[in-house]
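This is what each chain is made of:
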Amino acid sequence: MEKKHPIPTKFDINSVRKLGEIIDDGYYSYKGLRVPRVTKILSTCIHNDSLMYWANSLGFKRLGYRETLNRAAEYGTLVHGLLEKYIKGEDLPIDIPWNPIHAFEKWWKGLVASNRVKVLGQEFSLTCPWYGGTYDMLLEINGQPWLVDFKTSNHIRVNYCLQLAAYRNMLRFNNIVPDVAGIIVLRFHKDKPEYEEFVLDLIDPRHRMFMDQCSATFNAMAYQYWNMVDIERQFKQLHRESQRR
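Here the structure is a predicted model, which is why all the values come from computation and not from measurement.

J.: What am I meant to see in the overall build of the protein here?
T.: Scanning the protein for helices and strands turns up six helices and eight strands. Along the protein, helices and strands appear, N-terminal first, in the series β-β-β-α-α-α-α-β-β-β-α-β-β-α. Per-residue burial for the protein yields a buried fraction of 40% across its 245 residues. The long-range share in the protein, meaning contacts at least 24 apart out of those at least 6 apart in sequence, stands at 63%. As displayed, the protein offers around 14600 Å² of accessible surface, 53% of which is attributable to carbon and sulfur atoms.

J.: What exactly am I supposed to notice about the nonpolar core here?
T.: Buried together is how nonpolar side chains tend to be arranged in soluble globular proteins. Grouped together as the largest cluster of nonpolar side chains are 35 residues, with contacts concentrated most on Val38, Ile41, Tyr131, Tyr135, Leu147, Leu171 and Val180. Tallying contributions element by element places helix α5 (residues 158-173) first for this core, with nine residues. Counting residues in hydrophobic clusters, the runner-up holds 21 residues, among them Val79, Leu83, Ile96 and Phe104.

J.: So what exactly am I meant to see when it comes to the pairing of strand β6 (residues 144-151) here?
T.: Along any regular strand, the residues point their side chains to alternate faces of the sheet. Within β6, eight of the eight residues are buried, which leaves it mostly tucked inside the rest of the structure. Going residue by residue along β6, you find Gln144, Trp146, Val148 and Phe150 tucked away on one face and Pro145, Leu147, Asp149 and Lys151 tucked away on the opposite face as well. Here five bridges tie strand β5 (residues 132-141) to β6, and the two strands are oriented antiparallel to one another. Bridge pairing in β6 links Leu139 to Trp146. Counting the residues that bridge the hairpin from β5 to β6 gives two residues, and of these Asn142 lies at a positive phi of roughly 50 degrees. One ladder, built from six bridges, connects β6 with strand β7 (residues 182-188); its direction is parallel. Residue pairing for β7: Asp149 is matched across the bridge by Val185.

J.: Explanation requested: unusual backbone geometry in the structure shown.
T.: Peptide bonds are trans in most cases, and residues, glycine excluded, mostly fall at negative phi. In this structure, Lys31 takes a positive phi of about 50 degrees despite not being glycine. Relative to the helices and strands, Lys31 is located in the loop between β2 (27-30) and β3 (33-36).

J.: Could you clarify how one ought to interpret the environment of Lys88 in this entry?
T.: Looking at the element boundaries, Lys88 is found in helix α3 (residues 65-88). Lys88 sits 34 residues away from Gln122 along the chain, and the two C-alpha atoms are 9.4 Å apart.

J.: I tried to follow the sheet that holds β7 on my own but got confused; where do I start?
T.: Across a sheet, strands are paired by hydrogen bonds formed along the backbone, either parallel or antiparallel in direction. Taken together, five strands build an open sheet; the order of strands is β4-β5-β6-β7-β8 and the sheet is mixed. Both outer strands of the open sheet, β4 (117-127) and β8 (195-201), are each paired with one neighbouring strand and no more. This sheet shows a mean twist of 25 degrees between the axes of neighbouring strands, independent of strand direction. Pairing between β7 and β8: seven bridges, direction antiparallel. If you follow Leu186 over to β8, its bridge partner there is Glu197.

J.: What exactly am I supposed to notice about the confidence of the model for the protein here?
T.: Do not read the predicted coordinates in detail wherever pLDDT is low. Per-residue pLDDT for the protein has a mean of 81; in total, 78% of the residues score no lower than 70. Helix α2 (residues 49-60) is the least confidently modelled element of the protein, averaging 47 in pLDDT, while β8 averages 96, the highest of any element. Every residue in residues 1-19 scores below 50 in pLDDT, and together they form 40 contacts with partners more than four places removed in sequence or on other chains. Counting interchain partners and residues more than four positions distant, the pLDDT-below-50 stretch residues 50-55 has five contacts.

J.: For this particular structure, what's the right way to read the side chain of Gln122?
T.: Here Gln122 lies in strand β4. Its relative accessible area of 16% is what places Gln122 among the buried residues. There is a polar contact of 3.4 Å between the side chain of Gln122 and the backbone oxygen of Glu84. Apart from the residues within four sequence positions on either side, Gln122 is in contact with Leu83, Glu84, Ile87, Lys88, Tyr135, Asp136 and Met137.

J.: Help me understand the packing of aromatic side chains in this model?
T.: Each aromatic ring pair is characterised by the separation of its centres together with the angle its planes make. If you walk through the whole model with that rule in mind, you get 12 aromatic pairs. Each ring, one from Phe104 and one from Phe150, has its centre 5.6 Å from the other, and the planes form 80 degrees; the classification is edge-to-face. Of this pair, Phe104 sits in helix α4 (residues 98-114) while Phe150 sits in strand β6, and the two are 46 residues apart along the sequence. Of the two residues, Phe104 and Phe150, both sit in the buried class. For the pair Phe150 and Phe188, a centre-to-centre distance of 6.0 Å together with 45 degrees between the ring planes defines the contact as tilted. Taken together, the positions of Phe150 in strand β6 and Phe188 in strand β7 put the pair 38 residues apart, joining distant regions of the chain.

Parameters and conventions
Counting restarts for each chain: residues are numbered from 1 in the order of the written sequence. Only residues with pLDDT of at least 70 are given local features in this predicted model, and only at 80 or more are side-chain atom pairs given and counted; all residues enter the totals for whole chains, interfaces and linings. Working from all heavy atoms in the structure, the side-chain values ignore hydrogens and water. Secondary structure elements are taken from DSSP: a helix is a run of H or I of four residues or more, a strand is a run of E of two residues or more, and numbering for both begins at the N terminus. Between buried and exposed lies partly exposed: a residue is buried under 20% and exposed over 50% of the maximum accessible area for its type, with that area taken using a 1.4 Å probe on protein chains only. Note on contacts: a residue pair qualifies if any of its non-hydrogen atoms lie within 4.5 Å across the two residues. Note on areas: Shrake-Rupley, 1.4 Å probe, and residue coverage restricted to the protein chains presented here. Buried Ala, Val, Leu, Ile, Met, Phe, Trp, Tyr and Cys residues that are joined via side-chain atoms within 4.5 Å together make up what is termed a nonpolar core. For two strands to be treated as a pair, DSSP must find at least two bridges joining them. Angles here are taken between N-to-C directions and fall from 0 to 180 degrees, while the axes themselves are lines fitted to C-alpha atoms, restricted in helices to the stretch in contact. For every residue, the predictor assigns a confidence score, pLDDT, that lies between 0 and 100. The definition of a polar contact used here is a pair of N or O atoms within 3.5 Å, where within protein one atom must be able to donate a hydrogen and the other to accept one, and adjacent residues in sequence count solely through side-chain atom pairs. Ring pairs shown here join Phe, Tyr and Trp side chains whose ring centres sit within 6.5 Å, with only the six-membered ring taken for Trp; geometry is labelled stacked below 30 degrees between planes, edge-to-face above 60, and tilted in between.

Structure representation (structure tokens):
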């Protein structure tokens, strides 16, 4: 007997215009209001000790922290753009990093060989009154919506689950989907055509409970972020008034 997923799937992403606009490096626009990126909230609220140790190690190697970080970000952006072209069937330049492309091709062929797959959206910007972000890919797999994220980092981190929980929140907030059936994180190796896949199938109660907790945790972070913005605003005002006395 075929296992049925409990999530309803009446939606048409093609009828939805692009929800959200990037207005600068750390912010989106929601109905004219400036809201932070999901990743900005995460980097503000989570102290990453491993990033600090990594930055210190670069110093010992006489490598610039910002320069290395920017180079990694540029590589990730390049790979995302190339994967979007690949999925759309567009021609790819010859002089590109092919390892992540070949790794994705291997994953993609395996997925479509054993499932009914339809691309619902790619690099789609979303916002809500509190934050904004752009998901990598939304797929319909066997009639159910799945959120897919591409990573070029060295490890899969819990931060990615919080990031995808925020995208899940915005998909539901904007009535694009009642919910997603699952989450897939694909991490591509830089030096070989291989990938690491992390899957959360929300039909599994443990997976659903975990993602629900991630959604609630990210919303708590957003609440903390906006409270800090307001506290800083009030402090500046009170400080100015104190200086005038």
